[in-house]
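An overview of the molecular structure
Residue-level listing of the chains:
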Amino acid sequence: MEPDSGAPGASLPASEVAGSEGSFRRTEAIQSLSVQGAGWLSSPLWSPRSKARKVRLGGEISNDGAWLDDHSDFTSAYFSRRASVISDPQADMTPRFLKSMGNLDIISHKDRCDCQVSHDLHDPLMMAPHHRTSVPVTPILSAPDKTDCSLWPPVSPCPPICLCSNKLPFAPYIQPTVDLKSVSCGLGEGCPWMIGLLGGGLRWMGSVAELCQGALNHAEELLAAEGGALSLVRKAYSGESDLEEVISLTANGCSQTHQKILQGVMELVLATGLPINLRDAQKDPRFKEDSKRCLKIRTVLSVPIKNHRREVLGVVVMINKRKGCDCHPAFTFMDEKVLSNHMDVLGMVLENIQLYESSRQEAKRSQALIEMAQVLSREHHSFEVLLSKMAATIMPFTHAQYCTIFIPSDQTSVTKDDQIIFSCVIHLECEEFGSTCQIYRREHDISAIDPSHACETVRATKTVNMAKSAVESERSIVCCPVRNERSENVIAVCQLMNKRTRDSNELEPFNRYDERLLEDLAVYCGLALQYAQAVQITEVRRASIEVTEEILAYHLTAAQEDIKALQETTIPSAESLNILDFHFSDFGLPEDATTQATVRMFLDLNLVQDFNIDYKSLCQWVLTVRRGYRSHIPYHNWSHALSTAQSMFAMLMATDQLQKIFSRLEILALMIATLNHDIDHRGVSNSYIERSQQPLAQLYGHSSLENHHYNLCIFILNNTGSQILSNLSDEDHRAVLHMIKRAILATNLNIYMQRRGEFFSLAEKSRVNWRSEKQRDLLRSMLMTASDLSAITKPWPEQKRIANLVAMEFFAQGDKEREEFKTKPIDVMDRENSTRLPYMQVEYIDEICFPLYKAVSKLFDSCSPLVNACKKNRKNWLHLAEGTREGKLEDNCSLHFET
């Protein structure tokens, strides 16, 4: 143990303990004990007035021996002293504070004035655990000029002395002879009060007030004081500390004026943490009392009560040392040290009680937090039920009779003069039946509940704790605001009222622990209210979305007469529609013929028969998909969708191997995906959508257009009358939707660039295992891109026409970027580069198109027309590029771009 540890009987240095070989061995054996003491969690919670706070440690420390085992440091020091005395009774026990005063010429009356300045005691038998110095105040009694050494007894060895004993050697004043039997601490024995308190005494110790009363009584008897008082530190909500009286002045007849002066002395001790010893209080006119009935205060001794961290827990004051042989006795320097050491022990016990109670409270608080979190995680029909359950969670812990939650109306404006209107009040009442309690939610009229404290809390925006309400039935109230996490506005008020003690039905104020639980409830109530608000907003938005989808479905669905006309029309053959040819072009094809061509593809692939697709539903679905494309977009419109689907159809029909590789479900997914892969295209790229922060970018984050195309495709498939997948099993339905999504997302050129290297490596192999789902998924993705880019494989006139449409769309986006973002667009979208279109087309073919069609043709010979047409168009674009460079471009070969 450290020398300043503050425990009674701190261990001596080895030089003073080793009186003989035998005593040294005994001391060494005792000091080798290493029993771990009890550990306490630190907490600032402290309420000294809690009459019900009991400390029951009897189960843990059954007797004095068990306590000594758990406090090996104290035991070691104590038995070291005892061993040294037994082994060498003639050892020099002179206190070191006398040995170290060679340069002070003995403590004189002048050095120790009436307003005493205490010197540090070096004797471990008597030393305080820290340097105590009395507060320097104006001396009341003048001191003699010279030292009277006759008052000091001779220095001689003496037996060990208990810190409690008032028969101490070398006291600055001659002490009267005291019968040891009349003193609580016998000479040469341990203090029975300390040993009883620290040993088995904790079992019989009652409340904190009873503990302090016992300590005060023992100190009064020990110091022969006529009376005393004890107060403990109370921490206010603001963090400031003040003294709360636990034991009032025990001496009778003290006037109110004197009690206030004594309170001021105690507050000064609290502020400085140092003792004060007034030897002659009558020198101060404030202590003079004209009335003979009032008690005359002659001497005052006040010391702080500290814990092991030297924090002040309380203050004790003693008045009027009883007269003995001296006509005017005063509290001596040794009286101060004895009282200080006793208060150190009391401080240690109080701190352990405090920490034990704090740990219990924290455990209960943790349990309450877990229960409130569990309540919040469950689904509830209304937020009133949710708040009621959370409020009922903390009521048993706080012992509150009532708990009320006030919710202001949305129109309430919080100002000093405005009246606050509460739209909802949730009121709970707790009835205790022994160790159990029953909580009811009372249906009260809002006007029947006093909202004044809640209104005050809303205006103050902080926790308000009132010890007593104006209403007699409301003895204690604490209110806490509930804040919105974002705006910090007060959205509700939680109120606890009438705290009842555990052992009786008496009411007491709510302490800081209750405030913390209420603040925890306020946090969870805020989460619950925000959750309820979010749910309400979600429900409203969900209803709005359903209305929007209903309107969209109505306007998107084809007219019934158009559906009937297509249903009753005889669908031309694939040959007459020329949809089997890789050079198919819908340019000049009537609009009705485009939908008929689409239906023919499904019929010739036997998809209608294989999946039992309702023919009318197929006709409505095709017409609805066509309406989903925006007709004013130059290139990404229905014509492009039909061209993409026709290219996929032509590859499937021209290559028997592809129909063997793919399952029927995969072919269905590919055909649906090609028709929907650009539905509702806006004529701009993903990068433009992200830079302009359109809702699509916020909704999907990446591949915004492709994800939007897929979701609209699903919306149409689920639309009444267009459900062509309704006859699929659940497993097939999930599988086909997954493949449709993968196929549509594959049309993003960024994804194509990431995966094409793997596909090109696959094309170099002599044999490919198409049974692998991974290989087939790669093939489906590459065929989707080949179909999407198939315009580059069309005959030269069609290719030039389509290139003109693409350029119009790209240049329009570039104009928007130049205007909105004030930046120069990329080359392919910059209208100023329109003359360089042939060069850009050649680069496009070389980098994007030709490698893909080359790999597809290498895997499937029947697709070779695609790569051949791509080569021809490259030559034509290269010819245009060279003609542009030489200025010999003929008028009939030029491209014209509309603005």
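Residues numbered from 1 in each chain as written. Predicted model: local features only at pLDDT ≥ 70, side-chain atom pairs only at ≥ 80, totals over all residues. Heavy atoms only, no water.

**Thoughts on a positive patch on the surface**
Residues Lys 854, Lys 871, Lys 872 and Lys 875 make up a contiguous surface patch of positive charge. At three residues, helix α30 (residues 864-886) tops the list of elements feeding residues into the positive patch. Mapped onto the fold, Lys 875 is located in helix α30. Residue class for Lys 875 comes out exposed when judged on its relative accessible area of 63%. (Patch = residues over 30% accessible without salt bridge, like charges linked within 9 Å, V, L, I, M, F, W, Y side chains within 5 Å. Areas by Shrake-Rupley, 256 points an atom, 1.4 Å probe, with all protein chains shown as cover. Salt bridge = Lys/Arg side-chain N within 4 Å of Asp/Glu carboxyl O. Lys, Arg positive; Asp, Glu negative; His and termini not counted. Charge placed at Lys NZ, Arg CZ, Asp CG, Glu CD. Helix = DSSP H or I, 4+ residues; strand = E, 2+ residues; numbered from the N terminus. Buried < 20%, exposed > 50% of the residue type's maximum accessible area, 1.4 Å probe, protein only.)

**Thoughts on the nonpolar core**
Of all hydrophobic cores here, the largest spans 97 residues; its most connected members are Phe 602, Trp 621, Met 671, Ile 672, Leu 717 and Ile 740. Setting aside its immediate chain neighbours within four residues, Met 671 contacts Met 601, Phe 602, Leu 605, Leu 607, Ala 645, Met 648, Phe 649 and Leu 652. (Core = buried A, V, L, I, M, F, W, Y, C linked by side-chain atoms within 4.5 Å. Contact = heavy atoms within 4.5 Å.)

**A look at the UniProt feature "active site" (unreviewed entry) in the protein**
UniProt's feature table lists "active site" (unreviewed entry) at His 636, given in the numbering used throughout. Residue placement: His 636 occurs in the loop between α18 (615-628) and α19 (638-654). Here Glu 809 takes part through its side chain, which lies 2.5 Å from a polar atom of the side chain of His 636. (UniProt positions renumbered as here; feature names shortened; annotations may be inferred. Polar contact = N/O pair within 3.5 Å; in protein donor to acceptor, adjacent residues only side chain to side chain.)

**Structural notes on the side chain of Lys 321**
Examined against the element boundaries, Lys 321 turns out to sit in strand β5 (residues 312-321). At 2.9 Å, the side chain of Lys 321 and the backbone oxygen of Leu 223 are in polar contact.

**Describing the pairing of strand β10 (residues 477-483)**
The element β10 is largely enclosed, with a buried count of six among its seven residues. Summarising the sheet, strand β9 (residues 464-466) and β10 pair through three bridges and their orientation is antiparallel. Its bridge partner being in β10, Met 466 is matched across the sheet by Ile 477. For β10 and strand β11 (residues 490-500), the ladder comprises seven bridges, and the chain directions are antiparallel. What sits directly across from Cys 480, in β11, is Cys 494. The hairpin formed by β10 and β11 contains six residues between the paired strands, and Glu 488 there has a positive phi angle of roughly 65 degrees. (Pairing = 2+ DSSP bridges.)

**Section: the UniProt feature "binding site: Zn(2+) 2" (unreviewed entry) in the protein**
UniProt feature "binding site: Zn(2+) 2" (unreviewed entry): in the numbering of this structure it lies at Asp 678. Position of Asp 678 among the secondary structure elements: in the loop between α21 (664-676) and α22 (686-691). If sequence neighbours within four positions are ignored, Asp 678 has contacts with Tyr 629, His 636, His 640, His 709 and Asp 788.

**Looking at the pattern of salt bridges**
All told, the structure shown has 34 salt bridges when counted by the stated rule. Taking the shortest distance from any N to any O, the salt bridge between Glu 362 and Arg 516 comes out at 2.9 Å. Taken together, the residues span a long stretch of sequence, with Glu 362 in helix α10 (residues 333-377) and Arg 516 in helix α13 (residues 512-556) at a distance of 154 residues. By relative accessible area, Arg 516 is classed as buried at 19%.

**Section: helix α29 (residues 837-859)**
Here α29 spans 32 Å end to end across 23 residues, near enough to the 33 Å set by a 1.5 Å rise per residue. Considering bend angle alone, the principal kink of α29 is centred on Ile 845 and spans about 45 degrees. (Expected span 1.5 Å × (residues − 1). Bend = angle between axes of the 7 residues up to and from the residue.)

**Topic: helix α28 (residues 796-820)**
Across its 25 residues, α28 extends 36 Å between first and last C-alpha, which sits within 8% of the 36 Å expected from 1.5 Å per residue. Phi turns positive one or two residues past the end of α28, at Lys 822, with a value near 55 degrees.

**Quick look at unusual backbone geometry**
One non-glycine residue, Arg 310, lies in positive phi territory at about 65 degrees. By secondary structure assignment, the location of Arg 310 is in the loop between β4 (300-306) and β5. Residue classification places Arg 310 among the partly exposed positions, given a relative accessible area of 24%. With a phi angle near 55 degrees, Lys 822 is a residue other than glycine that sits in the positive phi range.

**A closer look at the state of the cysteines**
The full count for this structure, using the stated rule, is zero disulfides. Here Cys 403 stays free of any disulfide, with the sulfur of Cys 494 as its closest cysteine sulfur at 6.4 Å. Given a relative accessible area of 0%, Cys 403 falls into the buried group. (Disulfide = S-S within 2.5 Å.)

**Description of the environment of Cys 437**
Relative to the elements of secondary structure, Cys 437 occurs in strand β8 (residues 436-442). Judged by relative accessible area, which is 30%, Cys 437 ranks as partly exposed. Considered as a pair, Cys 437 and Pro 396 are 41 residues apart in the sequence and their alpha carbons are 7.2 Å apart. Residues within four places of Cys 437 in sequence aside, it is in contact with Pro 396, Cys 430, Glu 431 and Glu 432.

**Thoughts on the environment of Asp 344**
Looking at the element boundaries, Asp 344 is found in helix α10. Relative accessible area serves as the criterion here: at 5%, Asp 344 is assigned to the buried category. Separated by 34 residues in sequence, Asp 344 and Arg 310 have C-alpha atoms that sit 9.4 Å apart.

**Some thoughts on the sheet that holds strand β1 (residues 225-235)**
Taking strand neighbours across the sheet as the criterion, the five strands line up as β2-β1-β5-β4-β3 in an open arrangement whose pairing is antiparallel. Each edge of the open sheet carries a strand with a single partner, namely β2 (241-247) and β3 (276-278). Across this sheet, the average inter-strand angle for adjacent strands is 20 degrees, counted without regard to direction. With respect to the sheet, helix α9 (residues 256-272) is in contact with β1, β2, β3, β4 and β5, its orientation differing from that of β5 by roughly 140 degrees. Packing of α10 onto the sheet brings it into contact with β1, β3, β4 and β5, and relative to β4 it is tilted by some 35 degrees. (Axes fitted to C-alpha atoms, helices over the stretch in contact; angles between N-to-C directions.)

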